[in-house]
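What follows is the residue order along each chain.
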Amino acid sequence: MKQRTEGPPIIVFRGVSKRFKGLQVLRGIDLEVMPSEITGIIGPDGSGKSTLLKICSGVLSFEGRAEFMGTDLGKECERIKDRLSYMPQGIGQNLYMELSVEENIDFFAAIKDVPPGRRDPLKDRLLEATGLAPFRRRLARHLSGGMKQKLGICCSLVSGPEVLLLDEPSTGIDPLSRRQLWEILNDFVARSGTTVLLGTSYMDEAERCHAVVFLEAGGVIFSGHPEELMEREKGLEEAFFEMLLGGRELPVQEIPFSARVNGGDPAAISVEGVSKYFDSFKALDGIELSIGQGEVFGLLGPNGAGKTTLIKCMIGLLRPDSGTITVTGLRPGSPELKQKIGYMSQTFSLYGDLSVRENIELYGTLYGVKGAELRERMGWVLDVSGLTGMERTIVKRLPLGMKQRLALGCATLNLPAVLFLDEPTSGVDPVARRSFWQFIRRLSERLGMTVIVTTHNLVEADFCDRIAIMNEGRVIALDSPENLKAAFRESQGEVYELYPESPLEGGLFTSRGISVTPFGRRYHLWKKGLREEEIKAVLDSTGTACHYLRRIRPPMEDVFIFFLQRRG
Amino acid sequence: MRKVLAITAKEVREIWRVRLFLVLAFFVPFTMFIVFGYGISLDVEHMPFAYLDDDHSQLSARLVEKFKGRYFELQGELSDPGEADRLLSRGALRAVLVIPSEFSRNIYRGGDTEVQFLIDGGYPYRALTVKGYAQAIIADFNRELVTERLERAGLDPRPGRPIRVETRYFFNESLRSSYALIPGLIALVLLMNPAVLTALAITREKEFGTIYNIYSSQIKRWEFLTGKIIPYLVISAINFLVILLTVRLLFEIPMKGPLANLIPGAFIYVLINVSIGLLVSSVTRTMVSAQIVTIIVTVIPAFLYSGLLIPVANLEGGAKVMAHLYPTMHFMKIIHGVYLKDLPLPDLLPQVLLLVLYFCLLFSVGIMAFRKREG
């Protein structure tokens, strides 16, 4: 394993600013990126992550001074472009959809001036590592989202860049693909000394970086090693949450209603033997679920697992081919039920060109809420979304987090008995996410509202009472997050986090049958029946000093992948 | 050069695999040519026509007979003036000849008489032409009547018309507008198609995000743009040949000069239009806006200022300057020179050189306007 260089930084920013049409996107950024490390640029949507990455790639002009390996990015950025690779945000954004997997890789090699002799061995290694080798001739457009992102990474790496710049490479892809993506990155950093600069809004991903830069509203609010922030048993999300809040309490949204929204049926939703086909594709395969009144229920699974299809069947947008569904004792699609459910779709359900107030009024009209009742609830929705005093603001000018909470408020305007939320929090910052979830919990506790949520963000699974992990149209695990983690421990053993003072020798633990995953400067170790003493013995025998070794709760991602693979 | 070829190879694969793009590349220009070719004609011929004869004489029948021919197509006799109104307003007739009841009696008496000619004036150009035809036919009939009258009086009729005009039309002997218009359409199709395709090819990469692969590589601007336009030059060459064949075989319009005289001009003309597409794509972000802007800057001026419909000599002031600024007019001169006049190459040279100049200018501006770094 290559030793981490402590040499001069590879990218240096001094007072870098960027303004788009009068909007200050970056304000006086100072930054140093060290070579052969993964540096995470984290922050909510609109904080300037993409802008910063574009400036580093030399595809965006800026004010201030920026150097890339000693070259002035302001004047001579063309000179360094073959030494870097940049992958823009969005699934498959850098790919040519009409080209095959191999044609895409070859094209990238050609424009980066890589001769076929140097290209081919690297190409084979990348295709092997990503599991894309059997699909060389498949067109990019026929790949799944996760495969597209992996191919995007292959294309970026085939030129053997010294610096790899990735803009949210894992947003919207499933945990399994995300895991493979990180394995490749770690491998290139370790073996080729590649420097990676990676934008992300997932906090659990930031924990895998050697260094993090936290952006907020175009400024750096933290820059350093994640270990500096993470106290015992606390993740980065927690740390940033506290940093952003600065010791303040998160304002609690009181819900001024005492009425319970439900009544009658104890099972809010029951799904029995539901299957759904799209042509010959089985999107749902005999789903059995029973969700209790007031439960916060999470649906997790890779893309295409059937989460959205299931929700659409529950609210009556799709009709299952077999099986029965009842929601509060009623059939999906019946007019009585429509008054008792709320739905917030993946794609935004607000009208961007209308003001906040006009959106709420529109939803009031749609749900038949009017007069004094509408006025009362409007005040409540504004309060909940933190938009009091901004009623006249045009919705598209709001930050994403506020839009999401407004959309949530609108979806609850009719006080539904059951609320369906399809990926409600992607791209939202930790504070907004926390208050979002706090609100959802309150709806469930105070009003007895049942909430069904789908999410890719596995950290959020912990906020749910119960979760169902779906794969290929089936529910493969169904329980509370704690019980699922316990089942994982039972079968896979305890997970330990080790933070050594210098990088571990390759094979130190793997040769003893212990699984190792690097997390920045730290490592996660696990094996069935693994005990702390066993790890300590290995460390002592090689004289490896460490900052700490501790047992941790298994990350939800590992639990998720465990259940996926147990089936496979 | 390796990079240029890599770009070209990628582009060709994409064009070939996206059926919509193939349609856009080949089917659209061909269809456009056919539709325009059949639809566009400045000839006013075969005008549907009827008459209202209150005279019912041999003389009125002779007059009606004179209207039959290439210009008017007799639809029949009408019974009352209301019917004439109705049919004119429906567009079933373009003109109605009304012959009053005293028509022949007045003439035989040696006096003069009137006929009424009702014309659909909705489209002034056509109405004026129809009026001209009618006047010419009546004048001819008048001359016959005068001749007959003089002969009947035993006089020599010849001094009645001392000057006769003998007209001969050069280049387009039968004076068919299609002989000028349809070859002229080549300039239109070779203008719009390469420009739109090129503009789309580059904005497509902007819209999908793949342009960042280019922005973030050391590939030079000319390498990327050259590689990008090669397939569209080939497509335009194929379209050019297909259209030449269509002109010859379908519209049966002969080319008087040799094809070789047309090719250099056509090649540079396509290069110019590809460069226009390039320029448009530098200032637009999406495919839709690129398409709209390209059509606005190419087709509209081409119709108005190229000499296709309106001879440039008839344009005034600003319009005339515009006409000379747009390259289409110069290529139109080459087309007409080859198709109608069989001009030798040296006579076409000034136009060709002008086009070369346009190309150098537009292509360099196009390359400079393409920025590998966003603002």
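Residues numbered from 1 in each chain as written. Chains lettered and ligands numbered in written order. Predicted model: local features only at pLDDT ≥ 70, side-chain atom pairs only at ≥ 80, totals over all residues.

1. Structural notes on the pairing of strand 13 (residues 296-300) of chain A
Residues and elements named next belong to chain A.
- Most of strand 13 is tucked away: 5 of the 5 residues are buried.
- Because side chains alternate across strand 13, one face comprises the buried residues Val296, Gly298 and Leu300, and the other comprises Phe297 and Leu299, equally buried.
- Bridge count for strand 13 against strand 17 (residues 450-454) is 4 bridges, and the pairing is parallel. Looking at the pairing, Gly298 lines up with Val453 of strand 17.
- Two strands pair when backbone bridges link them, and strand 13 and strand 18 (residues 466-471) are joined in this way by 4 bridges, in the parallel orientation. The residue bridging Phe297 from the neighbouring strand is Arg466, located in strand 18. (Buried ≥ 20, exposed ≤ 12 C-beta atoms within 10 Å, placed from the backbone. Helix = DSSP H or I, 4+ residues; strand = E, 2+ residues; numbered from the N terminus. Pairing = 2+ DSSP bridges.)

2. Re helix 16 (residues 532-542) of chain A
- Burial runs low along helix 16 of chain A: only 1 of the 11 residues are buried.
- Where helix 16 of chain A terminates, the next one or two residues include Gly543 of chain A, which has phi positive at roughly 65°.

3. Considering the domain arrangement of chain B
- Split into domains, chain B comes out as domain 1 (2-41 + 176-369) and domain 2 (47-160).
- The C-alpha-based centres of domain 1 of chain B and domain 2 of chain B are spaced at 49 Å. (Domains from an automatic or database assignment.)

4. What to know about the environment of Val44 of chain B
Residues and elements named next belong to chain B.
- Structurally, the position occupied by Val44 is in the loop between helix 2 (19-39) and strand 1 (47-53).
- Take Val44: there are 18 C-beta atoms within 10 Å of it, and that puts it in the partly exposed class.
- The spacing of Val44 and Ser275 is 231 residues in sequence and 38 Å in space, taken between C-alpha atoms.
- Beyond its immediate chain neighbours, meaning those up to four positions away, Val44 contacts Arg126, Thr129 and Val130. (Contact = placed C-beta atoms within 7 Å.)

5. Some details on the interface of chain A and chain B
- Taken together, the contacts link 24 residues of chain A with 21 residues of chain B.
- For the side of chain A that touches chain B, the leading source of residues is helix 2 (residues 101-111) of chain A, giving 5 residues.

6. Observations regarding the domain arrangement of chain A
All names here are of chain A.
- Segmenting chain A into domains produces domain 1 (11-244), domain 2 (353-409) and domain 3 (484-567).
- Spacing between the C-alpha centres of domain 1 and domain 3 amounts to 27 Å.
- Listed per partner, the contact involves 13 residues of domain 1 and 12 residues of domain 3.
- Among the elements of the structure, helix 5 (175-192) and helix 7 (226-229) are those that each provide at least two residues to the side of domain 1 that touches domain 3.
- The greatest single-element share of the side of domain 1 that touches domain 3, amounting to 4 residues, is contributed by helix 5.
- For the side of domain 1 that touches domain 3, the per-class residue count stands at 4 nonpolar, 3 polar and 6 charged. (Nonpolar A, V, L, I, M, F, W, Y, C, P; charged D, E, K, R; others polar.)

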